[in-house]
Amino acid sequence: MLEIKNLHATVDGREILNGLDLTIGAGQVHAVMGPNGSGKSTLSYVLAGREGYQVTEGSVTFEGRDLLALKPEERARAGIFLAFQYPVEVPGVASATFLKTAVNAVRKARGEKEYDAFEFLKLAKAKREALGISEEMMKRALNVGFSGGEKKRNEVMQMMLLEPKFMVLDETDSGLDVDALRVVAAGVNAMRRADRSMLVITHYQRLLDYITPDVVHILSRGRIVRSGGPDLARELEAKGYAGVMPVAAA
Amino acid sequence: MAATTKKHARRIAFPYGETAAHAPVLANWLVGLRTEARALIADGLPSPRVEAWKYTNLQPLAERRFAVVGDVSPDHVRHAMAKAELGRSAHRLVFVNGRLEAAFSDLAALPKGATVRGLGDVLTADPAALAGLIGRSEAVRGHALAAYNTAFFSDGVLITLDAGIALDRPVHLVFIGAAGASPVAFHPRLIVDAGAGSQLALIESHIGEAGAYWANPVTEIAVGHDAMVRHAKLQDETMDAHHLALVDVSVGRGGRYESTVLTLGAALSRHEIVVRLEGEHAEARLDGGYLIGGKQHCDNTTRIEHLMPHGSCREVYKGVLDNESRGTFQGTIIVHKGAVKTDAHQLCRALMLSKGAEADAKPELEIYADDVKCSHGASAGALDPLQMFYLRARGLDEAAARALLVEGFIGETIEGIADEAVRGYFAARIAAWLALHAAGPA
Ligand SMILES: Nc1ncnc2c1ncn2[C@@H]1O[C@H](COP(=O)(O)OP(=O)(O)OP(=O)(O)O)[C@@H](O)[C@H]1O
Ligand SMILES: [Mg+2]
């Protein structure tokens, strides 16, 4: 579904990703773990198309298309979704207004019927209740004054409403309390499908207890240095990065 | 010699005063006012050398030569009226090029103790009703642009509310500007006398239908003890128009004046508000929003004077500037001696959609009393790229993302409009502007 080959990317002239390879098949869940500053969020931004994240070498192919040639909104419409590590506050724009605009923009691009206000409210209600998001929060400005956990839940709600094919969850577990983690993980698990893949970025085994990955990768200094099964995450938890990294990369 | 040069530099020659048709003088009290005003305009228009006009150059107005206002076809009027549909019932007066058009107006069923009358009629039939209500303050009598209005006004509106009268429907004043080949000028005078404990919602729609014209309205509002006047104005003149407005307000003890001004139109516009909080616990809320592009120039100037204790004011002015437009905000708050416990806050922000646009802000706080809370803030900046990315990453294209952010930015300036339908009317005008402008490249 997604194939990343020899990806090099710079931010402000500094090379952050250098030669990253990663192939994720349809229906698979891959976890990416790595020390702070190793380039995990940079990878997620490059996949979503953030300005200033310059790809200098390599390629990213999504369902046979050159993903890097697409604008951020074209990627979103093609089915890429990034749950931000730090969701952005947007003053003055009500969550509900934003969500309806986004969902309809994506549906329209897919040739699906746009929701009217009533249909949308009904759909949004179901999703938000599953995640324990209050109606009042939907009326507030997008992410403004939301707690860390509320922001993360809001990201997952957006993801559920947009029904992407490929989702990147950048530390969606950080900031969540134990109960919220369970609720959010259940929401994410419910989205697992044979034709939907995920890249789950996390620091902790905790999340992977709920969302079992097919493959776990260790990212260090901008490249994948080791890959393995779910056991790799447990090994990392026990030994730390020094203990799991190949000698050359550590 | 030096003195003459200096005096010259402070004025821009403007022959309008000599050429304009003399307005009727129908009462003795008006003779003095008109004479005083004509003396003030003899020198011409203030130049940017005059501090109050530092950012707004009236030279383009001075270069216009104005013809006598002629008739306008009812089709034009009907067409313009589509932009004046409030979406709720109102007492409505429609002015075309400054003259009241009874055929389009609707003043059914005013309660006893309330009058809403065309000023032209009042001037001929009952000028005494206006004595003491026109030219009450030095702010109006000494004002360089208001002087043209005082010298030449012939129509407008007189609204009076007796004590305790609350109008359940707003008064909606619609001003349609429709000039032919030659520019025209008009000087509507709006007088509001809101008695103690009365309540009024006053809405103005300034709709540009065609051509170049100079709209020069002057509004004088007296808000009585514990009275409340809610004032909302849409300025959507043609792109060839000049719109220069002065609103002078006095607020009595416990009274409240609320103003929302949304500017979309005119090549050159200024909305100036002077508020005197004359009684204890008097309040003012002034909000202003503008969305401009091309080479438009929009000036918001406010002056709030706190004269008694426990007064409060809140000001939020926000502008969205595209292309090579220019926005200016001058906000003066004066807390006079003895006006203790004053609570005054002012904020002005500009959102620049283009590198060629320019915004100036000049906040001025003059505080002569102790124990007051005053604050002000000003900022200008472009759209936040991270916010843009976040919205686009959710599937909104660039234009839609920009429109949503701009709407979110400017929306605050109309939130204070209490009536939902009226707020919706203003929101729809903002949306229409965005549909035209935000779609273009940044
Ligand atoms: N705008 C920028 N200019 C310069 N360096 C940057 C910029 N943005 C990110 N970086 C650097 O890129 C490196 C990778 O950052 P990134 O956010 O991808 O790390 P991460 O793996 O997500 O870390 P964390 O686990 O803390 O979230 C860091 O060293 C960071 O300081
Ligand atoms: Mg990160």
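Computed from a predicted structure; not experimentally measured.

Here's the deal with the overall build of chain A
Check the secondary structure of chain A and you find 9 helices and 12 strands. In terms of C-alpha radius of gyration, chain A reaches 18 Å, essentially the compact-globule figure of 18 Å for 250 residues. Here the C-alpha coordinates of chain A stretch approximately 60 × 40 × 35 Å along the principal axes. Long-range contacts, defined here as pairs at least 24 residues apart, represent 68% of the contacts in chain A between residues at least 6 apart. When the accessible surface of chain A is totalled, it reaches about 10700 Å², and 50% of it is carbon and sulfur. Averaging the positions of the 33 positive and the 32 negative side-chain charges in chain A gives two centres separated by 2 Å.

A word on the interface of chain B and chain A
Taken together, the contact between chain B and chain A spans 15 residues of the former and 31 residues of the latter. Between chain B and chain A, a total of about 1900 Å² is buried, with carbon and sulfur atoms accounting for 68% of that surface. Viewed at the interface, chain A and chain B are joined by 2 salt bridges. Its salt-bridge partner being Glu73 of chain A, residue Arg392 of chain B comes within 2.7 Å of it at the nearest N-O pair.

Structural notes on the coordination of the magnesium ion (ligand 2)
All names here are of chain A. Ser41 (OG) and Gln85 (OE1) make up the full set of protein donors to the magnesium ion (ligand 2), lying at 2.0 to 2.1 Å. Of this pair, Ser41 sits in helix 1 (residues 40–48) while Gln85 sits in the loop between strand 6 (80–83) and strand 7 (90–94), and the two are 44 residues apart along the sequence. Ser41 gets classed as buried once you look at its relative accessible area, which sits at 18%.

Concerning the nonpolar core
Core analysis: the largest hydrophobic core is formed by 123 residues, its most contacted members being Leu47 of chain A together with Phe426 of chain B. When sequence neighbours within four positions are dropped, the list of residues in contact with Phe426 of chain B reads Ile203, Ala232, Lys233, Leu234, Leu262, Ile414 and Ile417 of chain B. If you look at the next biggest cluster of nonpolar residues, it comprises 41 residues, including Ile159, Ala194, Leu200 and Cys313 of chain B.

Here we look at the packing of aromatic side chains
Here the structure, examined in full by the defined rule, presents 21 aromatic pairs over all chains. Ring geometry for Phe84 of chain A against Tyr390 of chain B: centres 4.9 Å apart, planes inclined by 85°, an arrangement best described as edge-to-face. One end of the pair, Phe84 of chain A, is in the loop between strand 6 and strand 7; the other, Tyr390 of chain B, is in helix 9 (residues 385–392), on a second chain. By relative accessible area, which is 0% here, Tyr390 of chain B ends up buried. Judged by centre distance (5.6 Å) and plane angle (85°), the rings of Tyr16 of chain B and Phe66 of chain B are edge-to-face.

So, unusual backbone geometry
All names here are of chain B. The phi torsion at Asn97 lies on the positive side, around 45°, for a residue other than glycine. Its place among the elements puts Asn97 in the loop between strand 3 (91–96) and strand 4 (99–100). One non-glycine residue, Asp226, adopts positive backbone phi at about 55°. With respect to the helices and strands, the residue Asp226 is situated in the loop between strand 12 (218–223) and strand 13 (228–236). Judged by relative accessible area, Asp226 falls into the partly exposed class, the value being 48%.

Structural notes on helix 3 (residues 95–109) of chain A
Residues and elements named next belong to chain A. With 15 residues, helix 3 extends 21 Å from end C-alpha to end C-alpha; this agrees with the ideal 21 Å at 1.5 Å per step. Considered for burial, the residues of helix 3 that qualify are Ser95, Phe98, Leu99, Ala102, Val103, Asn104, Ala105, Val106 and Arg107. The positive-phi residue at the C-terminal boundary of helix 3 is Gly111, with phi of around 80°.

Quick notes on the sheet that holds strand 9 (residues 166–170) of chain A
Residue and element names in this part refer to chain A. Strands sit in the order 6-9-10-3-11-12 across an open sheet of 6 strands; the sheet is mixed. Pairing within the sheet leaves two strands with one partner each, and these edge strands are strand 6 and strand 12 (223–228). Ignoring which end each strand starts from, the neighbouring axes of this sheet average 20° apart. Pairing of strand 6 with strand 9, which is carried by 4 bridges, proceeds in the parallel orientation. Each residue of the ladder has a partner; that of Leu82, found in strand 9, is Val168. Docked against the sheet, helix 6 (residues 148–162) engages strand 6 and strand 9, running at close to 170° with respect to strand 6.

A few points about the site of ligand 1
Residues and elements named next belong to chain A. Around ligand 1 sit 16 residues, and of these Gly37, Lys40, Ser41, Thr42 and His203 come closest. Take Asp12: an N or O atom from its side chain is 3.2 Å from a nitrogen atom of ligand 1. The contact in question runs from an oxygen atom of ligand 1 to an N or O atom on the side chain of Thr42, over 2.6 Å. Relative to its unbound accessible surface of 640 Å², ligand 1 loses 69% to contact with the protein. Mapped by element, the contributors of at least two residues to the shell around ligand 1 are strand 2 (14–24) and helix 1. The biggest single contributor to the shell around ligand 1 is helix 1, with 3 residues. Its residues assigned to classes, the shell around ligand 1 shows 4 nonpolar, 8 polar and 4 charged.

Digging into the pattern of salt bridges
Under the defined criterion, the tally for this structure stands at 43 salt bridges over all chains. Salt bridges sharing partners connect three or more residues here, namely Arg230, Arg256, Glu258, Glu283, Arg285 and Asp287 of chain B.

With respect to the pairing of strand 10 (residues 199–210) of chain B
All names here are of chain B. A large share of strand 10 lies buried, amounting to 10 of its 12 residues. Pairing of strand 7 (residues 171–178) with strand 10 involves 8 bridges; the strand directions are parallel. Paired with Ile176 across the strands is Ile207, a residue of strand 10. Sheet analysis places strand 10 next to strand 13, joined by 9 bridges and oriented parallel. Counterpart to Ala201 in the pairing with strand 13 is Arg230.

Conventions we followed
- Residues numbered from 1 in each chain as written.
- Chains lettered and ligands numbered in written order.
- Predicted model: local features only at pLDDT ≥ 70, side-chain atom pairs only at ≥ 80, totals over all residues.
- Heavy atoms only, no water.
- Helix = DSSP H or I, 4+ residues; strand = E, 2+ residues; numbered from the N terminus.
- Rg over C-alpha atoms; globule rule 2.2 N^0.38 Å.
- Contact = heavy atoms within 4.5 Å.
- Areas by Shrake-Rupley, 256 points an atom, 1.4 Å probe, with all protein chains shown as cover.
- Lys, Arg positive; Asp, Glu negative; His and termini not counted.
- Charge placed at Lys NZ, Arg CZ, Asp CG, Glu CD.
- Buried area = accessible area lost by both parts, 1.4 Å probe.
- Salt bridge = Lys/Arg side-chain N within 4 Å of Asp/Glu carboxyl O.
- Donors = N, O, S within 2.8 Å, 3.2 Å for Na, K, Ca; no water.
- Buried < 20%, exposed > 50% of the residue type's maximum accessible area, 1.4 Å probe, protein only.
- Core = buried A, V, L, I, M, F, W, Y, C linked by side-chain atoms within 4.5 Å.
- Phe/Tyr/Trp six-rings, centres within 6.5 Å; stacked < 30°, edge-to-face > 60°.
- Expected span 1.5 Å × (residues − 1).
- Pairing = 2+ DSSP bridges.
- Axes fitted to C-alpha atoms, helices over the stretch in contact; angles between N-to-C directions.
- Near = heavy atom within 4 Å.
- Polar contact = N/O pair within 3.5 Å; in protein donor to acceptor, adjacent residues only side chain to side chain.
- Nonpolar A, V, L, I, M, F, W, Y, C, P; charged D, E, K, R; others polar.

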